[in-house]
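So you can see what is in the structure, the chains are spelled out below.
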Amino acid sequence: MSQGTRPEAHELTYETPGGEPVRFQARFGPDRPLPDRGPTLGRMVRLGRGWVVRQYRLPARSRGDRRAREALEREVNAAVAVERAHGRGPHAGLFLRVVGHDLDAEEPFVLYEPPPRGAPRLTEARLSGRRFDEAARQLVRAVRLWEQAGQVCRTLAPDTVWWHDDGIVIGEPYGAVPVGHPREPFGQAPWASPEQLAGTGHCDPRDDLWSAARLLYAALAGQPGPHAEPPPDLGAYPQLSALRDGRAFAPRAADRRPVAELLELWNEPDPGPAPPPGPARGEYARRVGEKRERLGLGPGPAPRGEEAPGDEPFEVVCPYCLGPVAYDPGALFLPEEQGEYVAFDPASEPVELRRADMLRRAFQLCPNLSGLDEHHLPVPYLTNGRPLTVVTVGGSLTGKTHLLTSMIGEIEENGLEPYGITAEPLNPEWHQRFVRERLQPLRDGRVLPRTASTRFARFADGLLLTSRGRTRPVMFFDLAGEDLESHDEAMRFLAGAGAFLFVVDPLRALRLPELERHRERVGIRERDLGDEAFAAVLSRVPRTAGLMMTPSAVVLNKSDLVRFEPAVASWLMSPPPTDRLPEALRGESEDVYAFLRHHGSRAWLRPFTDSARCTLHFVSATGRGERGGTFPHGVTPRRTLAPLLSLLAMAGMVEETDPWEVGL
Ligand SMILES: Nc1nc2c(ncn2[C@@H]2O[C@H](COP(=O)(O)OP(=O)(O)OP(=O)(O)O)[C@@H](O)[C@H]2O)c(=O)[nH]1
Ligand SMILES: [Mg+2]
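Residues numbered from 1 in each chain as written. Chains lettered and ligands numbered in written order. Predicted model: local features only at pLDDT ≥ 70, side-chain atom pairs only at ≥ 80, totals over all residues. Heavy atoms only, no water.

## As for the sheet that holds strand 17 (residues 422-425)
Right, on to step 1. In spatial order, the strands read 17-18-19-16-20-23-24; together these seven strands make up an open sheet with mixed pairing. Both outer strands of the open sheet, strand 17 and strand 24 (614-618), are each paired with one neighbouring strand and no more. Recorded for the sheet is a direction-independent mean angle of 25° between the axes of neighbouring strands.
Right, on to step 2. When strand 17 meets strand 18 (residues 459-467), the two strands line up antiparallel, connected through four bridges. Bridged to Thr422 within strand 18 is Thr466.
Right, on to step 3. Strands in contact with helix 19 (residues 641-650) are strand 16 (388-393), strand 18, strand 19 (470-478), strand 20 (499-504), strand 23 (552-556) and strand 24; relative to strand 24, the strand with the most contacts, it is inclined by about 165°. (Pairing = 2+ DSSP bridges. Helix = DSSP H or I, 4+ residues; strand = E, 2+ residues; numbered from the N terminus. Axes fitted to C-alpha atoms, helices over the stretch in contact; angles between N-to-C directions. Contact = heavy atoms within 4.5 Å.)

Written as structure tokens, this is what we have:
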């Protein structure tokens, strides 16, 4: 662009931090690369008649860069969470204001107000005693506010903190991650803590405390000090005594005192809003306590059963008609191209390798004593360990099909391997069809069609999962919401299901006003009465001591629609737990329970209240909403494996995890 020409105006639409869609005429300045921010580009934007903001965007050429995309998503989560909590009120000036964002645009972006014009960096502002004290308190307060939003900022450094109008201003949180996220090497010494630089352990709010302390030291000493130890001349700066007493300069986060305690040392009131709904938190623990009592379990770890579930002797039942069925080499068939079955006698194939392959593809006719339509079962279902059938439950359009597809997609990418579980298809042709008809289209960014109503419920896909040296067939059923709600004979198989995944749709379950415009778009209404499919399924399953014994998980799907709620953001953007599974699942269950209780009616929690063992999860099958029948940037599923992992753990299939301790 030559000097003096006015850039052309384009239309720019984005969402405000409050969730309002807005549209502006926008004129863009030239792109500026940002050395610390990977492929992200920055530029000035003039909105409407002259509101100048800064835009940070991912250019189209880095569309496939998943890390950059996640970083931008985390940044928007953090900036919006803080803006929502503190955009007004006593802490309003502390953070650079986020103006809006569009993560689904061709080139996803976030907009901020520019940093205050002419404001010096904090490290160069040469503040007097009183002003320095105020700056120090504000910086630590900011760290505490991040912590309360469930975030670690990670980027407090000389060029991200300014002094302006008697206060500090902190720049955009482009490195923010949820508290507890595994650390990755990030930032520069001495501003980033030694653990953050090395990428060891888990992100801690005290990582920011180190950065704040080092910035304040540099502001006084006029030089950055040593990289990884406390500066030797701290004693010369009485202004830093509270930070020193709070051990903010300690190289390890665990040795620094918690941020709240440091504020206390300073006689500073804790700045944040009240923590999220307390009573609902206690309520989760009370409910679990009641269940344990009804089941005759003590408050401590439950007494182990004689054997892990799945190890005890069992009789295979047909997942369709629930009648007993045993492997019978005299009743086998091979499927033909046209879907017909031709009789197959394994003895007729002399080559062993070929025979094994044919048996993998073969089916057995079910003796079918109850007069259901004739049906066949894959031979591997009958020749491996105890089968487990998993059924997704929920009304129409809750996202069951997308969820199941994303889940199997994660397994395809070896997502279960960290838990000692390997997977192969139960029936190669079925699995191929599932990949071709569901997984690949979803990967390509297409919205999957609604599930057709059926007279006979069939598996969507099946896997052979091997863990602890044992292989078990796991089958997934995916039915149309309307079928699940019916009391038809075809749904009889539900009584024999091995595990349920109850899918809650925020559009129906949550009262949050920010969901209104999505509800209008999709034509879904909020419901206080819970899900009819939940009720129908719960009424079919046998109970013990009034509780349904089938392992179950409740997922709040489409959590991307509520991702700016702090409780949701911190879970959704974290990888699934890899160690101490029961504790991690309990922590998340407690948060989801509190969230659903606070924003929805009790009816949505019925699967939890009615089942003996049940965990709760925030998930997003697609990571974002569709636009006109497609996902323009593909999908980024979030935490879809966690609920499955919980169900597998309850079924005794996760190493080093006591199945009796999951979900209770
Ligand atoms: N924002 C968002 N939308 C989702 C998500 N998962 C599914 N959807 C949308 O929800 C709609 C319904 O998804 P499906 O998976 O077909 O729902 P279903 O529960 O299988 O519906 P039936 O087959 O009719 O019972 C689709 O338009 C998806 O785009 C998600 O995680 N986030
Ligand atoms: Mg479906």
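From this point, things continue past the structure.
## Topic: the domain arrangement of the protein
Right, on to step 1. Parsing the protein into structural domains produces domain 1 (9-112), domain 2 (122-265) and domain 3 (281-298 + 317-325 + 366-661).
Right, on to step 2. When each unit is reduced to the centre of its C-alpha atoms, the spacing between domain 2 and domain 3 is 42 Å.
Right, on to step 3. Contact residues are listed per partner, giving five residues for domain 2 and six residues for domain 3.
Right, on to step 4. For the pairing of domain 2 and domain 3, the buried interface totals around 380 Å² over both sides, and the portion due to carbon and sulfur atoms is 66%.
Right, on to step 5. Together, Ala149, Pro178 and His181 form the three largest contributors to the area buried by domain 2 at its contact with domain 3, with a combined 63%. (Domains from an automatic or database assignment. Buried area = accessible area lost by both parts, 1.4 Å probe.)

## Some words on the pairing of strand 5 (residues 51-57)
Right, on to step 1. Here strand 4 (residues 41-47) pairs with strand 5 via seven bridges, running antiparallel. By the bridge assignment, Leu41 is partnered in strand 5 with Arg57.
Right, on to step 2. What sits between the antiparallel neighbours strand 4 and strand 5 is a turn of three residues, in which Gly48 has the positive phi angle 55°.
Right, on to step 3. Note: strand 5 against strand 7 (residues 109-112), four bridges, orientation antiparallel. What sits directly across from Arg54, in strand 7, is Tyr112.

## With respect to the coordination of the magnesium ion (ligand 2)
Right, on to step 1. Within the first shell, the magnesium ion (ligand 2) binds the protein through Thr401 (OG1) and Thr451 (OG1), at distances of 2.0 Å. Pair noted here: Thr401 is in helix 10 (residues 400-412) and Thr451 is in the loop between helix 11 (428-443) and strand 18, with a separation of 50 residues, a long-range link. (Donors = N, O, S within 2.8 Å, 3.2 Å for Na, K, Ca; no water.)

## What about the nonpolar core?
Right, on to step 1. In terms of nonpolar packing, the biggest core is built from 62 residues, with Phe500, Phe502 and Leu510 touching the most fellow members.
Right, on to step 2. Setting aside chain neighbours within four positions, we find Leu510 in contact with Leu515, Arg519, Glu526, Leu556, Val562, Phe595, Leu596 and His599.
Right, on to step 3. One finds Ala125, Ala149, Leu156 and Trp191 within the second-largest nonpolar core, a separate group that totals 45 residues. (Core = buried A, V, L, I, M, F, W, Y, C linked by side-chain atoms within 4.5 Å. Buried < 20%, exposed > 50% of the residue type's maximum accessible area, 1.4 Å probe, protein only.)

## Some thoughts on the packing of aromatic side chains
Right, on to step 1. Taken as a whole and judged by the stated rule, the model has 20 aromatic pairs.
Right, on to step 2. Between Tyr217 and Tyr237, the ring centres sit 5.8 Å apart and the planes meet at 90°, which makes this aromatic pair edge-to-face. Taken as a pair, Tyr217 in helix 4 (residues 205-221) and Tyr237 in the loop between helix 4 and helix 5 (241-245) lie far apart in primary sequence, 20 residues in all. Like Tyr237, Tyr217 is buried.
Right, on to step 3. Seen in terms of ring centroids, Trp430 and Phe459 are 5.4 Å apart; in terms of plane orientation they differ by 80°. Their pairing is edge-to-face. Placement of Trp430 in helix 11 and of Phe459 in strand 18 is noted, with a sequence separation of 29 residues between them. Like Phe459, Trp430 is buried.
Right, on to step 4. An aromatic cluster is present here, built from Tyr320, Tyr341, Phe363, Tyr381, Trp430, Phe459, Phe477 and Phe493 joined pairwise through their rings. (Phe/Tyr/Trp six-rings, centres within 6.5 Å; stacked < 30°, edge-to-face > 60°.)

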